Amino acid sequence: MAGSNVAESLDRLIHERIRLGIVSALAAEDGMSFADLKQVLQTTDGNLSVHARKLEDAGYIRVTKGFEDRRPRTQYRLTAKGRRAFEEYVNQMETIISEARDALERS
Amino acid sequence: MTIPTQHDREHAKETLDYIRRTMESATSFTAVSGWGLVTVGFVGLVAAWLAWSGGRDADLRIWLPTAFVSVVIASISNVAKARRTNVPIWSGAIRRSVWVIAPALAAGGVLTLALARDGATHLLPGMWLALYGAGVTAGAEFSIRAIRWMGISFLLLGAVGLLRPDWGLPLLAAGFGGLHLVIGINIVVRHGG
């Protein structure tokens, strides 16, 4: 990704695969449990916890803890800031594709 | 200004594809039990045989219990598959599926009462097939592709049934028996049970 201005300005926080997965899933499905996210992303408890914490610290996702049937349940939601960052990231990906195509056509 | 390379482009495309797959996966209900549908298909065939033996295509004494038993079988088998495959049972996707299927089924219930009361029972098979097809096709928006094809096929059978009420019983057998069996076997083979 080093060859492009757009690529250089990418949000490193959601560029990482698992974190991008968390943000993508929450952009599509507002409010997912830890178990839901783990199943969608096919990852381990530890991996998901670590990356979710980073997104939470950055204010991209909001975590609420509660109980369901007396069992602890952690619920994740995307914040407005997180949604903006996600949309910006998708736009940047599309820009990279169109710029590369233009460059190919010119050459 | 630096220009994105072909490598950048391939990576961006792959990333967008990953985002799309993740979003789809977050909103889809995939724990549809093929064996459950096969069982429901057998129940449908038995009901069609009983209706044929009794000489009344749309005998509510047969088809109402059949509908109830089928819903119970489908629910139990889907929950069992969700547990086995470690998929959330009451996810957002299944909640939405139930909400979009329910209006068509409720309309079917009301129409059944109205048509049966007015003695227009010859229209019931086509109406049941069409509204079940409408509900399943809508609910399939949040599920696997095989379910959408099943819904569309039910809709077509329903249209035929409404235009040719005299074919009611064979169409009920083909739909609630045959289609459930075929799609169920397809899911067993392609989606592991």
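The structure this text deals with has already been given above.
Residues numbered from 1 in each chain as written. Chains lettered and ligands numbered in written order. Predicted model: local features only at pLDDT ≥ 70, side-chain atom pairs only at ≥ 80, totals over all residues. Heavy atoms only, no water.

**Observations regarding the environment of B:Ala74**
All names here are of chain B.
Line of reasoning, step 1. Residue position: alanine 74 is located in helix H3 (residues 60-84).
Line of reasoning, step 2. Relative accessible area serves as the criterion here: at 26%, alanine 74 is assigned to the partly exposed category.
Line of reasoning, step 3. Sequence separation between alanine 74 and threonine 39 is 35 residues; the distance between their C-alpha atoms is 8.5 Å. (Helix = DSSP H or I, 4+ residues; strand = E, 2+ residues; numbered from the N terminus. Buried < 20%, exposed > 50% of the residue type's maximum accessible area, 1.4 Å probe, protein only.)

**Looking at the sheet that holds strand S2 (residues 61-68) of chain A**
Residues and elements named next belong to chain A.
Line of reasoning, step 1. Here 3 strands make up an open sheet; going across it, the order is S1-S3-S2 and the pairing antiparallel. This sheet does not close on itself; its edge strands, each paired only once, are strand S1 (32-33) and S2.
Line of reasoning, step 2. Contacts from helix H3 (residues 17-28) reach S1, S2 and strand S3 (71-78), with the element oriented near 85° to S3. (Pairing = 2+ DSSP bridges. Contact = heavy atoms within 4.5 Å. Axes fitted to C-alpha atoms, helices over the stretch in contact; angles between N-to-C directions.)

**What to know about the interface of chain B and chain A**
Line of reasoning, step 1. Facing 28 residues of chain B, the contacting portion of chain A comprises 33 residues.
Line of reasoning, step 2. At the boundary of chain B with chain A, total buried surface from both sides reaches about 2,600 Å², with 65% on carbon and sulfur atoms.
Line of reasoning, step 3. Looking only at chain B, the three residues that lose the most surface to chain A are B:Pro4, B:Arg9 and B:Tyr18, adding up to 21% of its buried area.
Line of reasoning, step 4. For the interface between chain B and chain A, the tally reads 2 salt bridges.
Line of reasoning, step 5. Measuring nitrogen to oxygen at the nearest pair gives 2.7 Å for the salt bridge that ties B:Arg96 to A:Glu29.
Line of reasoning, step 6. Across the contact surface, chain B and chain A share 4 residue pairs in polar contact (both at pLDDT 80 or more).
Line of reasoning, step 7. Listed by contribution, the elements that provide at least two residues to the side of chain B that touches chain A are helix H1 (6-27) and helix H4 (92-117) of chain B.
Line of reasoning, step 8. For the side of chain B that touches chain A, the element with the highest residue contribution is H1(B), accounting for 17 residues.
Line of reasoning, step 9. Of the residues assigned to the side of chain B that touches chain A, the class counts are 12 nonpolar, 11 polar and 5 charged. (Buried area = accessible area lost by both parts, 1.4 Å probe. Salt bridge = Lys/Arg side-chain N within 4 Å of Asp/Glu carboxyl O. Polar contact = N/O pair within 3.5 Å; in protein donor to acceptor, adjacent residues only side chain to side chain. Nonpolar A, V, L, I, M, F, W, Y, C, P; charged D, E, K, R; others polar.)

**Points about the packing of H3(A) against helix H4 (residues 34-41) of chain A**
All names here are of chain A.
Line of reasoning, step 1. Axis separation between H3 and H4 bottoms out at 10 Å; the angle between their running directions is 120°. The angle between the axes of H3 and H4 places the two elements in the oblique class. In the crossing of H3 with H4, the sense of the turn from one axis to the other is right-handed. In this structure, H3 contributes Ile18, Gly21, Ile22 and Ala25 to the contact, and H4 contributes Leu37, Val40 and Leu41.
Line of reasoning, step 2. Of the residues contributing to the contact of H3 with H4, the split by class is 6 nonpolar, 1 polar and no charged. (Parallel < 35°, antiparallel > 145°, perpendicular 65-115°, else oblique. Left-handed = near helix turned anticlockwise from the far one by under 90°.)

**Quick look at the nonpolar core**
Line of reasoning, step 1. Of all hydrophobic cores here, the largest spans 37 residues; its most connected members are B:Trp63, B:Trp128, B:Leu129, B:Ile147, B:Phe176 and B:Ile187.
Line of reasoning, step 2. Of all elements in the fold, only helix H2 (34-54), H3, H4, helix H5 (124-139), helix H6 (145-163) and helix H7 (168-191) of chain B reach the threshold of two or more residues within this core.
Line of reasoning, step 3. Among the elements that line this core, the one with the most residues is H7(B), at 7 residues.
Line of reasoning, step 4. Dropping the residues within four chain positions of it, B:Leu129 is found in contact with B:Phe154, B:Leu155, B:Leu157, B:Gly158, B:Leu171, B:Leu172, B:Gly175 and B:Phe176.
Line of reasoning, step 5. A:Ile14, A:Leu48, B:Tyr18 and B:Ile19 belong to the second largest nonpolar core, which has 34 residues in total. (Core = buried A, V, L, I, M, F, W, Y, C linked by side-chain atoms within 4.5 Å.)

**Examining the side chain of B:His180**
Residues and elements named next belong to chain B.
Line of reasoning, step 1. Along the chain, histidine 180 falls in helix H7.
Line of reasoning, step 2. Since its relative accessible area comes to 3%, histidine 180 is described here as buried.
Line of reasoning, step 3. Side-chain polar atoms of histidine 180 contact the backbone oxygen of phenylalanine 176, separated by 2.9 Å.
Line of reasoning, step 4. If we ignore the near neighbours within four places in the chain, the residues touching histidine 180 are Leu37, Val38, Val40, Gly41, Tyr132, Met150, Phe154 and Gly175.

**Some details on the pattern of salt bridges**
Line of reasoning, step 1. Evaluation of the coordinates by the stated rule reveals 12 salt bridges over all chains.
Line of reasoning, step 2. Measuring nitrogen to oxygen at the nearest pair gives 2.8 Å for the salt bridge that ties A:Lys38 to A:Asp45.
Line of reasoning, step 3. Accessibility expressed as a relative area gives 40% for A:Asp45, which makes it partly exposed.
Line of reasoning, step 4. The residue B:Arg21 makes a salt bridge to B:Asp17 at a minimum N-O spacing of 3.4 Å. With a gap of 4 residues between them, B:Arg21 and B:Asp17 both fall in helix H1, about one helical turn apart.
Line of reasoning, step 5. A relative accessible area of 41% means that B:Arg21 is categorised as partly exposed.
Line of reasoning, step 6. Relative accessible area serves as the criterion here: at 29%, B:Asp17 is assigned to the partly exposed category.

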